[in-house]
Amino acid sequence: MTPTPPLFMLLLLGLMGAHATVDVRTAAAMAAGLCKTRPTDIVFIIDSSRSVRPSEFEQVKVFLAKVIEGLDVGPNATRVGVVNYASRVKNEVSLKTHRTKAGLIKAVTKIEPLSTGTMTGLAIQFALNVAFSEGEGARVKSPDISKVAIIVTDGRPQDNVKDIAVRARDAGIEIFAIGVGRVDMSTLKQMASEPMDDHVDYVESYSVIEKLTKKFQEAFCACSNSATDVVFLIDGSKSVRPENFELVKKWINQIIDKLDVSDSKAHVGLVQYSSSVKEEFPLGRYNNKKDLKDAVKKMAYMERGTMTGQALRYMLDNSFNTGHGARPGVTKVGIVFTDGRSQDYIGDAAKKAKENGFKMYAVGVGNAVEDELKTIASEPTAEHYFYTADFKAMTQIAKKLQINICQEDDPCECDSLVKFQKKVEDALQALTKKLESMSKRIALLENKIV
């Protein structure tokens, strides 16, 4: 029997707004700390110019607090900073300041609006030069550490953002741009990283900004605590071409980097297909990232045709069987990559894979057929299939593809969950009371003016 969700879960659902859908089991797992976020330095850059009313600024802080709740905060996990800006810039929270969620959320509740102009370019410059510096707690640039800036703004900048945003992205900072109300959409696009669909968001008012919470919680969640068997099915047909096949191998290793590979957690297998199917290595042969990535690099390009259906049948009949290293009772994930139309029928095998409970991801490049990708992908389809016209853009797909396989432990048995709930409830209640009080004061002032 599923336990009744605690107060924190109900509060979480309420704050996210009517348009946000949250699975209570996933939320419980995240609250219990089961979902680990991959090591990331995150800096929020929040607009508090005079156009942002005090009550609206309180709603921004609620949004920040909710995103922070979904992060695995710690010195070796995720570090969070907050930059507040208007005509000037204020470093509210350094990446080195708070190492716990409770401390971060408390600091966020104390931030006050600056209420002057809108110098967004200046704020990005500050983030690049100061907030993401080692002196402020940022870690040395590394493929294992993500650098992320989340900009929230409601207006048109009074300075140039394009050039400084380019420099920030070139420095390895992934930029998300959130626009509110009458924001200038072209400016958001100048700031944000590619692909734009993933990095630009718009909400009509601050009152519904919380509906973006789930997106950002999932964006940074690498749920790798549970045992998982992951099998890649890689198209090695002649249309891929040798230089692109090397990019595909790098892409596979990007995803492996995000998995918790070990004897007891994530196992990875690799199958290449063209006119025939070849198992490059089975599940469980390599149980550390270095050996896995070395094996991927050694994969030789097959060329020839594109028998995607045959590859899916091989996965069904072999890859996820115990004789090929699969573990009974473990989550099964299939990641299919292709660059063209299959030369055989895929429908039956794709359907059976999903009926067997496999979580299927489909990734297409170039001449891949989106209808085929959707046929392969698990529900909800939009979260399990990806397409790009260019092999060089596969890096962005690797960032977007999250193998979320968190499983629920009994939250009633978790002491840390109870403690965490209490801290979050206290912080959110304080924010809510403050927001209600400010809204009443503003309403009174408006009545007087009228």
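Here's a quick rundown of the structure. (Residues numbered from 1 in each chain as written. Predicted model: local features only at pLDDT ≥ 70, side-chain atom pairs only at ≥ 80, totals over all residues. Heavy atoms only, no water.)

### Here's the deal with the sheet that holds strand S8 (residues 266-273)
Point 1. The sheet built from six strands is open, its strands ordered S9-S8-S7-S10-S11-S12 with mixed pairing. Edge positions in the sheet fall to strand S9 (277-281) and strand S12 (385-388), since each has one partner strand and no second. Taken over all neighbouring pairs, the strand axes of this sheet differ in orientation by 15° on average, direction set aside.
Point 2. Where strand S11 (residues 359-365) meets S12, four bridges bridge the pair, whose relative direction is parallel. Directly across from Ala362, in S12, lies its bridge partner Tyr385. (Pairing = 2+ DSSP bridges. Helix = DSSP H or I, 4+ residues; strand = E, 2+ residues; numbered from the N terminus. Axes fitted to C-alpha atoms, helices over the stretch in contact; angles between N-to-C directions.)

### Things to note about the side chain of Thr109
Point 1. Position of Thr109 relative to the elements: it lies in helix H4 (residues 101-109).
Point 2. The buried category is assigned to Thr109, whose relative accessible area is 19%.
Point 3. A distance of 2.6 Å separates a polar side-chain atom of Thr109 from the backbone oxygen of Lys106. (Buried < 20%, exposed > 50% of the residue type's maximum accessible area, 1.4 Å probe, protein only. Polar contact = N/O pair within 3.5 Å; in protein donor to acceptor, adjacent residues only side chain to side chain.)

### Regarding the sheet that holds strand S2 (residues 78-85)
Point 1. As summarised here, the arrangement of the six strands in space is S3-S2-S1-S4-S5-S6, forming an open sheet in which the pairing is mixed. At either margin of the open sheet sits one strand with a lone partner, and together these are strand S3 (89-93) and strand S6 (200-203). Recorded for the sheet is a direction-independent mean angle of 20° between the axes of neighbouring strands.
Point 2. Examined bridge by bridge, strand S5 (residues 173-180) and S6 share four bridges and lie parallel to one another. Among the inter-strand pairings, Ile178 is bridged to a residue of S6, identified as Asp201.
Point 3. With respect to the sheet, helix H3 (residues 54-69) is in contact with strand S1 (40-47), S2, strand S4 (146-153) and S5, its orientation differing from that of S1 by roughly 170°. (Contact = heavy atoms within 4.5 Å.)

### Details of H4
Point 1. Buried residues dominate H4, accounting for seven of its nine residues.
Point 2. Those residues of H4 lying buried are Lys101, Gly103, Leu104, Ile105, Ala107, Val108 and Thr109.

### Here's the deal with the packing of helix H10 (residues 242-257) against helix H11 (residues 289-297)
Point 1. Two numbers describe how H10 lies on H11: the axes approach to 9 Å, and their chain directions differ by 165°. What the angle tells us is that H10 and H11 run roughly antiparallel. The handedness of the crossing between H10 and H11 comes out as right-handed. Along its contact with H10, which presents Lys249, Ile252, Asn253, Ile256 and Asp257, the element H11 presents Lys289, Leu292, Lys293, Val296 and Lys297.
Point 2. Here the residues of the contact of H10 with H11 sort into four nonpolar, one polar and five charged. (Parallel < 35°, antiparallel > 145°, perpendicular 65-115°, else oblique. Left-handed = near helix turned anticlockwise from the far one by under 90°. Nonpolar A, V, L, I, M, F, W, Y, C, P; charged D, E, K, R; others polar.)

### Some details on the packing of helix H12 (residues 308-319) against helix H13 (residues 347-355)
Point 1. Packing of H12 against H13 brings their axes to within 8 Å, and their N-to-C directions diverge by 30°. Relative to H13, the element H12 lies roughly parallel. H12 and H13 meet at a crossing whose hand is left-handed. In contact with Gly309, Leu312, Arg313, Met315 and Leu316 of H12, H13 contributes Ala349, Ala350, Lys352 and Ala353.
Point 2. Residue composition of the contact of H12 with H13, grouped by class: six nonpolar, one polar and two charged.

### Regarding H10
Point 1. Compared with an ideal rise of 1.5 Å per residue, which puts 16 residues at 22 Å, H10 spans 23 Å between its outermost C-alpha atoms and is within 8% of the ideal.
Point 2. Here H10 has its buried residues at Asn244, Phe245, Val248, Lys249, Trp251, Ile252, Asn253, Ile255 and Ile256. (Expected span 1.5 Å × (residues − 1).)

### Observations concerning the nonpolar core
Buried together is how nonpolar side chains tend to be arranged in soluble globular proteins.
Point 1. Grouped together as the largest cluster of nonpolar side chains are 32 residues, with contacts concentrated most on Phe44 and Phe63.
Point 2. Within the residue set of this core, elements represented by two or more residues are S1, H3, S2, H4, S4 and S5.
Point 3. Top contributing element to this core by residue count: H3, with seven residues.
Point 4. When sequence neighbours within four positions are dropped, the list of residues in contact with Phe63 reads Val152, Ile178, Ile209, Glu210, Leu212, Thr213 and Phe216.
Point 5. Formed by 30 residues, the second largest nonpolar core is a distinct cluster that contains Phe232, Val248, Trp251 and Leu292. (Core = buried A, V, L, I, M, F, W, Y, C linked by side-chain atoms within 4.5 Å.)

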